[in-house]
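# Topology and contacts: notes
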Amino acid sequence: MGIIEKMRLDGKKIFVTGGARGIGKSVSIAFAEAGADLAIVDLDIEEAQKTADEIAKNNNVKAIAIKADVTDPGEVESMMDQFLNTFGRLDAAFCNAGICINAPAEEMTFEQWKKVLDINLSGVFLTAQAAGKVMLKQGYGSIINTASMSAHIVNHPQPQCSYNASKAGVIQLTKSLAVEWATRNVRVNSISPGYMGTELTLNSPELKPLIEQWSEMTPTKRIGKPEELQSICVYLAGDTSSFTTGSDFVIDGGFTSI
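Residues numbered from 1 in each chain as written. Predicted model: local features only at pLDDT ≥ 70, side-chain atom pairs only at ≥ 80, totals over all residues. Heavy atoms only, no water.

Under an unreviewed UniProt entry, the name given to the chain is NAD(P)-dependent dehydrogenase (Short-subunit alcohol dehydrogenase family), and the source organism is Saliterribacillus persicus.

Now the structure itself:
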């Protein structure tokens with residue numbers, strides 16, 4: 001069997017949080033194209049169902065939608081129960097749900113701070129923890145967390161201290177879980193995207209001037225495409241990454257190198 005065949009995900013069962021749109025949707029499509037069955041987990045259940053239906057229609061896989069608030073332990077537990085009732089096991093998890101609030105630090109309310117930390121960091125912990133409990137019992141599994149290049153640098157000109165702090169926490173959480181679970185065959189890694197041209201980003205009039213600035217500041221002179229995150233996630237979800245754990249993969253067009 002060649003390396004391309006070995007990298008396929010045929011028959012694997014994966015959940016993706018924040019999977020209804022953007023990076024989550026793009027990576028979900030890649031998982032399905034590689035042969036995996038999926039649960040699209042999102043607060044927007046209507047959009048999640050559309051994504052699941054689209055994926056199932058275009059690929060010979062099973063895809064379901066599950067509504068869950070990743071900041072609520074009870075809802076995360078219920079999500080995991082629904083997933084296992086449908087698929088029976090969990091091979092990989094993409095803990096991707098996140099938000100960003102741009103506000104000067106001196107003006108940011110505690111509610112804004114807490115919302116970003118709750119979703120971006122506590123939400124990743126709760127969903128990774130739920131996945132880990134299942135995987136530790138199984139004796140195998142791979143968890144992928146979405147961090148950001150913002151964990152490595154301070155973005156400019158937009159003020160986003162809560163986002164930067166939350167994503168730095170995701171990387172350290174990832175490394176901590178990876179070390180704790182390394183001898184039990186559960187791997188935990190993170191990806192750190194740079195500026196990505198999601199549908200939401202590209203269609204925002206408020207962000208258009210910033211996109212031009214971001215592109216100019218990036219060595220490649222452009223922002224990234226969600227599709228450019230697909231291959232690393234397929235690799236991390238599959239068996240060929242069996243010796244890869246505790247790593248953070250920066251995909252940023254060279255932004256953090258300058």
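## Digging into unusual backbone geometry
Of all residues except glycine, most have a negative phi; of all peptide bonds, most are trans. Our working definition: Numbering of helices and strands starts at the N terminus; helices are DSSP runs of H or I of at least 4 residues and strands are runs of E of at least 2. Three exposure classes are used, based on accessible area relative to the maximum for each residue type with a 1.4 Å probe and protein chains only: buried under 20%, partly exposed in between, and exposed over 50%.
A cis amide bond, omega 15°, links His-156 with the succeeding residue Pro-157. In this fold, Pro-157 is placed in the loop between strand E5 (141-146) and helix H6 (161-181). A positive phi angle, close to 65°, is found at Asn-185, a residue other than glycine. Under the relative-accessibility criterion, Asn-185 is labelled partly exposed at 44%. For Lys-221, which is not a glycine, the phi torsion comes out positive at approximately 60°. By the secondary structure assignment, Lys-221 is in the loop between helix H8 (208-217) and helix H9 (230-237). Exposure remark for Lys-221: the relative accessible area of 48% places this residue in the partly exposed category.

## Re H9
Defined as follows: Working rule for contacts: check all heavy atoms of both residues, and any pair within 4.5 Å makes them a contact.
In terms of burial, H9 is largely enclosed, as six of its eight residues are buried. Turning to H9, its buried residues number three or more, namely Gln-230, Ile-232, Cys-233, Val-234, Leu-236 and Ala-237. At its buried positions, H9 is contacted by strand E1 (13-17), helix H2 (22-33), strand E4 (92-95), E5, strand E6 (186-193) and strand E7 (248-251).

## A word on the nonpolar core
Rule in force here: We define the nonpolar core as a collection of buried residues of types Ala, Val, Leu, Ile, Met, Phe, Trp, Tyr and Cys that are connected through side-chain atoms lying within 4.5 Å of one another.
Counting 31 residues, the largest nonpolar core has Phe-15, Ala-39, Phe-83, Leu-90 and Ile-143 as the members making the most contacts within it. Breaking this core down by element, the ones donating at least two residues are strand E2 (37-42), strand E3 (63-67), helix H4 (73-87), E4, helix H5 (110-138), H6 and E6. Ranked by the residues each element gives to this core, the list is headed by H5, at seven residues. In contact with Phe-15, other than residues within four places in its own chain, are Ala-39, Val-41, Met-79, Met-80, Phe-83, Leu-90, Ala-92, Ala-93, Phe-94, Cys-95, Thr-127 and Ala-131. Counting 30 residues, the second largest nonpolar core, distinct from the first, contains Ala-20, Phe-94, Cys-233 and Leu-236.

## A short note on the packing of aromatic side chains
The geometry of an aromatic ring pair is captured by two quantities: the separation of the ring centres and the angle between the planes. For the record, the criterion: Centres within 6.5 Å are what make two rings of Phe, Tyr or Trp a pair, Trp counting through its six-membered ring; a difference in plane orientation under 30 degrees is then read as stacked, over 60 as edge-to-face, and the rest as tilted.
Using the criterion set out here, one finds five aromatic pairs in the structure. An angle of 50° between the planes, with centres 4.8 Å apart, marks the rings of Phe-83 and Phe-87 as tilted. Here Phe-83 and its partner Phe-87 are both found in helix H4, four residues apart, which amounts to about one turn of the helix. On the basis of relative accessible area, Phe-83 is assigned to the buried category, the value being 0%. For the ring pair Tyr-195 and Trp-214, a centre distance of 4.0 Å and an interplane angle of 5° mean the geometry is stacked. Taken together, the residues Tyr-195 in the loop between E6 and helix H7 (199-202) and Trp-214 in helix H8 connect sequence positions 19 residues apart.

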